[in-house]
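Architecture and fold: a report
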Amino acid sequence: MLHDLRKKPEPASPFTLASHRVHEAGGRGRRAFALFQALRHAGPIVWIVPDHIPERPLLSGLPQGMGERLILLTPKGRTDLIWSVEETLRAAPVGFVVAEPQSALTLTEGRRLQLAAEAGQTTGLMLIREGEGCPASETRWNCEPAAGPSDSTLQRWSLSKNKKGTNGDWVIDWNGASAAFHMVSEAGERCEPQTVPG
Amino acid sequence: MSLRRCPVEGAFALTLRSGNADHLHCVNEAALARGLRRGMPLADARAVCPDVSTRPADLAGEAAALFALRRWAGRYAPMVARDGSEGLIADVSGVAHLFGGEADMRADLHARLDRAGLAAHSAIAGTRGAAHALARHGGGIIADGTLAAGIGRLPVSALRIDPETADGLARVGLTRISDILGLPRAPLSRRFGPGLILRLDQAIGVQPEPVSPEAEPPHFGVRMSLPEAIGLQADVMAGLDRLLERLCAHLARHRQGARRMKLELRRVDGETAQVSIGLARPMRDPVRIAALFQKGVEEVDAGFGIDALRLSATVTEPMAPEQIGAGPASRAEDALSDLVSRLGNRLGFDRVLRLQPADSLIPERSFLTVPVAYSTPVQSPARRGPPRPAILFPPEPLSLASPPRPGHPPARFRWRRMALSTLRAAGPERISPEWWFDDPAWRSGLRDYWRIETQEGPRLWLFHTPQSQGWQGADRGQTWYAQGEFA
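Here's a quick rundown of the structure.

The rules we used
- Every chain is numbered independently, its residues counted from 1 as its sequence is written.
- Here every chain gets a letter starting at A, and every ligand a number starting at 1, in the order they are written.
- At least 70 in pLDDT is required for a residue's local features to be given in this predicted model, at least 80 for side-chain atom pairs to be given and counted, and no such filter applies to totals for whole chains, interfaces and linings, which use all residues.
- Contacts here follow a simple rule: the backbone-placed C-beta atoms of the two residues must lie within 7 Å.
- Only DSSP runs of H or I covering at least 4 residues are called helices, and only runs of E covering at least 2 are called strands; the numbering of each starts at the N terminus.
- Each residue is assigned to one of three groups, with Ala, Val, Leu, Ile, Met, Phe, Trp, Tyr, Cys and Pro labelled nonpolar, Asp, Glu, Lys and Arg labelled charged, and all others, Gly among them, labelled polar.
- Pairing between two strands requires that DSSP report at least two bridges joining them.
- Where helices are involved, their axes are fitted lines through C-alpha atoms of the stretch in contact, as for all axes, and angles between N-to-C directions lie from 0 to 180°.

Attention now moves to the interface of chain A and chain B. Each side of the interface is counted separately: chain A has 38 residues, and chain B has 42 residues. Of all the elements in the fold, those that place two or more residues in the side of chain A that touches chain B are α1 (30-39), β3 (56-57), β4 (70-73), α2 (78-90) and β7 (139-146) of chain A. The element contributing the most residues to the side of chain A that touches chain B is α2 of chain A, with 5 residues. Split into classes, the residues belonging to the side of chain A that touches chain B amount to 20 nonpolar, 10 polar and 8 charged. As paired elements, β4 of chain A and strand β12 (residues 352-357) of chain B share 2 bridges and run antiparallel to each other. The residue bridging Leu72 of chain A from the neighbouring strand is Leu353 of chain B, located in β12 of chain B.

What follows is the structure, given as structure tokens:
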């Protein structure tokens, strides 16, 4: 397969996932990250959860307008899950695929998913558990909810693997209702003692 | 039909309830001989014949049986129609010589019906009205040209006229058809209405009355026999393509789309392999349907070879003709329904779901998960009221170090082996169970929901049940659960 090696323009926001690739997100805030990314993609969203996982999206808690775009798949085994991820990634009309595999994907499986995403022009996001990353993934995010001042819902998102860019660490305030978010500026470390005025 | 399934000796009748009295709907020969008649109240029938055995009539079953009999009667004539709720009328003109004459044909019919255990009366006559009248009054054959004489002896009620007219005719002394055949028509029509003259004309053949059978419901099935057994997957798919082309053309002619299809492959050794597929929406595009069969055909064991294929659309739905290539929106919709079909055929259509809003305040019942293949997206109403978590799970009990003060959420707790401490709490939001459903999860009564922001990060949806009875008196009603996680 030929790859376009020209330099692509940097995405406007650090949270824009490279399109037509499969990414990974881990940590306790990974589902919030998936919702945030789903809002930034048009078209049907396919959310694939294994049958035995008790956590399900709650319609009245989802961002406005997302419920009718959402298709929920509950495959039974690992093979069916990976097959349905590949099949949905390969389908052109799907906008965004979120899947929660129960064990780490191998390099071959991850690579196949990348090829399927390229063929179907679809972006995918795997919600992984701690230390179960796949070497073929484009980026890997670690997402944790964070405590903050009142009337804020802080998320700490750090990019720990990036095939086409640099890593980073951000704290953002995203209320879970719309695509708008607010980047929280980092508090600067004071290096030298404050000089006494006068 | 009822007797055939479960025979009874002696007088037998089927009863039908009309109003609040049972009437005889149908009687057998033995009962007829004992003086029972159709339409007689059951109480009277029991008085006349105390040992009559009865069963309730099954009208739908009777109609289905008559329909089946109509199909069978197609062996005698090209046009067979139902005549009322209990008769069949066949146009046998030009057919009788194939059975050796009208008498032989009628004997053949009776022999076959007898063997099947059916009691029937039949008549052959030059007109539909005469055959109808004669079949209900003894049966027989009226030779050509003797129509008036043949039906002359029958009572006027045999003419398919309403009972009032028949009564009126009887009152003036006209009881037989021969009595009114010779009368002047104008006074007859003026006195008893044009209906009588019409029926009379139809019976003697002045007024034509053709037999018009209702159309057969279309059958969506095609088959193909092969001169030589095949075993390769590509060959089966090629055969399937030909069958699909025919079946889809047939579906298009009837403006139907298949919802469920079945491919039967008959093997040389007599076994039959089956491949069934479901479709996400009514469809009749051969290429797209063939792709769905691919996986099932791969798994079929061909044995020594397959020598016949049969393809049928077992479930169909109306499907209007569509503009071909209607635009990108329609193409995306097609592609999405193809995807749903593919996913549904492997995972099961009940595992390809969509969320739809439901009218309930109970969080678990505030939405329905419905199969995508059998639903359309519904716009969810605008969000109102207290916030809801994006992720919901079944209630998980928290372990508390010490019971919190009444009316306050716990300050420290452990959830999923994480020690968490409350930073901020919003609530309570009280949700009461829906008493009209008996939901085991809600038997503990009211729930007070709190949105808890923890020092460690996770924002949880907790509740406790103030009405529940704890194991010990001290921590009574102080059991806390987590049920959701906010973004």
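Attention shifts here to the sheet that holds strand β16 (residues 412-415) of chain B. Strands sit in the order β3(A)-β14(B)-β20(B)-β19(B)-β18(B)-β17(B)-β16(B)-β15(B) across an open sheet of 8 strands; the sheet is antiparallel. Looking at strand neighbours, the two that pair on one side only are β3 of chain A together with β15 (399-400) of chain B, the edges of this open sheet. Pairing of strand β17 (residues 418-431) of chain B with strand β18 (residues 447-454) of chain B, which is carried by 7 bridges, proceeds in the antiparallel orientation. For Ala425 of chain B, the partnering residue across the bridge sits in β18 of chain B and is Ile452 of chain B.

All right, on to the sheet that holds strand β3 (residues 53-56) of chain B then. Residues and elements named next belong to chain B. Here 3 strands make up an open sheet; going across it, the order is β2-β1-β3 and the pairing mixed. Of all strands in the sheet, those with a lone pairing partner are β2 (21-27) and β3, marking the two edges. With strand direction ignored, the average angle separating the axes of adjacent strands in the sheet is 40°. The sheet contact formed by strand β1 (residues 12-18) and β2 spans 6 bridges and is antiparallel. If you follow Arg17 over to β2, its bridge partner there is Asp22.

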